[in-house]
Amino acid sequence: MPSTPRTLLDKIWDAHVVCTPSGELPILYIDRHLVHEVTSAQAFEGLRLAGRRVRRPEKTFATPDHNIPTTDRRLPIADPVSKQQIDTLRNNCSEFGVRLFDLGDADQGIVHVIGPELGITQPGMTIVCGDSHTATHGAMGALAFGIGTSEVEHVLATQTLRQAKPKSLELRVEGALHPGVTAKDLVLYLIGKLSTEGGTGHVIEYTGPCIRRLGMEERMTVCNMSIEAGARAGMIAPDQITFDYLRGRDYAPKDFDRAVAEWERLPGDPGAVFDRVEIFQGGDVVPQVTWGTNPAQVVGIDATVPDPTAFRDPNERDSGSRALDYMGLAGGTKIVDIPLDRVFIGSCTNSRIEDLRAAASVVRGYRVASTVHAMVVPGSGRVKRQAEQEGLDQVFRNAGFEWREAGCSMCLGMNPDTLEPGQRCASTSNRNFEGRQGKGGRTHLVSPAMAAAAAVTGHFTDIRHWLYR
Amino acid sequence: MQPFVSHTGIVSPLDRANVDTDQIIPKQFLKRIERTGFGQFLFFDWRFLADGTPNPEFELNRPVVAGSSVLLARRNFGCGSSREHAPWALADYGFKVVIAPTFADIFFNNCFQNGMLPIRLAEEDVDELFRRARVAEATGSPYRLRVDLPAGVVTDDAGFSRSFTVDPFRKRCLLEGLDDIGLSLQHTDEITAWEAANAAPAEG
Ligand code: SF4
């Protein structure tokens, strides 16, 4: 046994370094490679041109999610360029022998929703995908991060990646969240404290009693947004909640108890040292709303839009002013006075069954405001079916929400689901960048419950005072 | 990949922090299945007005920076999505070097994969470069920088000189235009041995 105490990251890293050729970056073995249509075509083409194969197709899983319609799946895809990208994924998967959860497959969905849901994601694994929100999978105690298309090609060809070991950052959250405050609020709050680049060069491990209390899906919401603080990966040590979630899932290990015995050795050793530690109090968090064009530009629901001219850092001052300009907001405006045109409940951050349950419980017995167009896009086919079994689709439909098929949808608006210029949206997704949901569109990031309440009242509303029916 | 050894070019200052990959290449252009031809879409929503004509207000559209190949930016350049379309668009537009105080991790890695050199300089040095570019442009001539990768220095012809560091492996790959997949495949035996030793009970 090595005597130096190791963190979760150290343990996973050490277990996956194949070798470090002299003068080169380490070669890290990759256990699971998730693939979607937007960042893989050029990688498969590269393999083809070089006459290379996919080294371990059985460790590679693909699904179309980013660029697909969320309307009736029996209709053909109207946009020929989108159709070509999805056809290309199909052809590549069949040519290279990769398992594809295709449109029409009952298990299709957002890649970061279906990985954990199917048990493809497991503790202790290294997981990559050509998508920055791969950090989501770290919630199960895996080292999971996004890569570019050239790296996708590298993983396809070698089942490894060239990587320098990142630094470790412990974000310890003490205490507990107040009622009405969710994992989404917590992570937005943490990003606001850290800044969009506070985690650059680091892998975040979320620790502390407040994190331990979170359920599996809430942990996914937290890890999902690690990249918004600049960290390529976020992780949470596996515990009984993780094991209970995984047991019985399609791709979970056959000899589950033996696997659990292995996984129980993963959490960091007592005394293991992080490169950096930051400590926060769960009780300090209130429901959050972003006011600007990056996720760190965030305040509590009870606050006002800040005045960026008062910011000390010149970069922040400049980007804050640009943001208010773009968002059509003035400093000093109460957050609860901001009216909305659209509400989007979905994305790999908040489209799982618990998110839909939370939103539905707010909406039940109410109608969407006449000024608001609201939609719910479940994260996967499974989530959708589960929600329908529970009657949640009826709750949403009765209130006037649209109920869609699974996909990324208006999280990035590559498909027809987009904002019109100037439209203001309360969104449960993860990025409020300029034009993210449609050119000229204005995105405010919130939790599912806050989005649901805003849909009903037509403006941001403090969910802590909601009258549930 | 084209080797990168040294480069001299016109500097395009882009005085904004947190430039995200959604701005570098908006999502409507991610549907293409090629690696090439993305330059025309670079900074699309900033670069073009609603009617499709170039936005005269946008920094890169100023005539004085026409033909530029060195992009100068502020903190956290390339944050957001992992889309390699961002470096593809920058490279296709003609950029060979991006200089900023800090970069987002995935974007930073993606640059090297495309023969483009991202250089981190201290914030005050970046300030100084913005200042020098403004001074040069005020006289109507573009500001030029020279980047020497083997020596690891950026210089102008008016006395600015700063050294920068690059990971030795990334540096070698750039200098020699190496395909890192090819390099990793030289270690196939080790990869196979790792797989044999780790045929985990966790395999479902
Ligand atoms: S839901 Fe949004 S953030 Fe998540 S993978 Fe899809 S596009 Fe990316």
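Here, every reference points to the structure presented above.
An account of the accompanying structure is given in this report. Throughout, a residue's number is its position along its own chain's written sequence, starting from 1. Each chain is given a letter, starting from A, and each ligand a number, starting from 1, according to the order in which they appear as written. Local features are withheld for residues below a pLDDT of 70 in this predicted model, meaning they are given only at 70 or higher, and side-chain atom pairs are given and counted only at 80 or more; totals for whole chains, interfaces and linings count all residues. The basis for the side-chain values is all heavy atoms of the structure; hydrogens and waters are excluded.

Details of the interface of chain B and chain A
As a reminder, the rule being used: Contacts are residue-level and defined by heavy atoms, with any inter-residue pair within 4.5 Å sufficient. Buried area: the accessible area, evaluated with a 1.4 Å probe, that two parts lose upon being put together, summed over both parts. We call two N or O atoms a polar contact when they sit within 3.5 Å, provided that within protein one can donate a hydrogen and the other can accept it, with sequence-adjacent residues counted only if both atoms are side-chain atoms. Numbering goes from the N terminus for both helices and strands, where a helix is a DSSP run of H or I of at least four residues and a strand is a run of E of at least two. Three classes are used, and their members are as follows: Ala, Val, Leu, Ile, Met, Phe, Trp, Tyr, Cys and Pro are nonpolar, Asp, Glu, Lys and Arg are charged, and the others, Gly among them, are polar.
Residue-level contacts link 61 residues of chain B with 77 residues of chain A. Buried area between chain B and chain A, both sides added, is near 5500 Å², and the carbon and sulfur share of it is 51%. Inspection of the chain B/chain A interface yields 36 residue pairs in polar contact (both at pLDDT 80 or more). Elements represented by at least two residues in the side of chain B that touches chain A include exactly helix 1 (21–24), helix 2 (44–47), helix 3 (85–93), helix 4 (105–112), helix 6 (168–176), helix 7 (180–185) and helix 8 (188–197) of chain B. Here the residues of the side of chain B that touches chain A are counted per class, giving 17 nonpolar, 19 polar and 25 charged.

Description of the pattern of salt bridges
Selection criterion: Every case where a carboxyl oxygen of Asp or Glu lies within 4 Å of a side-chain nitrogen of Lys or Arg is listed as a salt bridge. Buried residues are those whose accessible area, probed at 1.4 Å on protein chains only, stays under 20% of the maximum for their type, while exposed residues exceed 50% and partly exposed ones sit between those limits.
Counted under the stated rule, the structure contains 54 salt bridges over all chains. With a closest N to O distance of 2.7 Å, Asp14 of chain A and Arg6 of chain A form a salt bridge. Taking the relative accessible area as the measure of exposure, Arg6 of chain A reaches 23% and is therefore partly exposed. With its nearest N and O atoms 2.9 Å apart, the salt bridge here joins Asp156 of chain B to Arg132 of chain B. Note that Asp156 of chain B is positioned in the loop between strand 6 (153–155) and strand 7 (161–163) and Arg132 of chain B in helix 5 (residues 123–138), a separation of 24 residues in sequence. Look at the salt bridges and you will find they share partners, linking Glu24 and Arg162 of chain A together with Arg172 and Glu176 of chain B into a network.

Quick notes on the packing of aromatic side chains
Our working definition: Each Phe, Tyr or Trp ring (for Trp, its six-membered ring) is paired with any other whose centre lies within 6.5 Å, and the angle between the two planes then decides the class: stacked below 30 degrees, edge-to-face above 60, tilted in between. Any Lys NZ or Arg CZ found within 6 Å of a ring centre and within 35 degrees of that ring's normal is scored as a charge over the ring.
Across all of its chains, the model carries 23 aromatic pairs over all chains by this definition. A centroid spacing of 4.2 Å and a plane angle of 20 degrees characterise the contact between Tyr29 of chain A and Trp194 of chain B, whose relative ring orientation is stacked. With Tyr29 of chain A in strand 2 (residues 27–29) and Trp194 of chain B in helix 8, this pair bridges two chains. Across the pair, exposure class does not vary: Tyr29 of chain A and Trp194 of chain B are buried alike. Measuring from ring centre to ring centre gives 5.5 Å for Phe103 of chain B and Phe108 of chain B, while their planes differ by 45 degrees; the resulting arrangement is tilted. Phe108 of chain B shares its class with Phe103 of chain B; the two are buried. Here the aromatic cluster, defined as three or more aromatic residues joined through ring pairs, consists of Phe77, Phe103, Phe107, Phe108 and Phe112 of chain B. Here Arg469 of chain A stacks its cationic end above the ring of Tyr366 of chain A, 3.9 Å away from the centre of that ring. Taking the ring centre of Trp46 of chain B as reference, the NZ or CZ of Arg16 of chain B above it sits at 4.1 Å.

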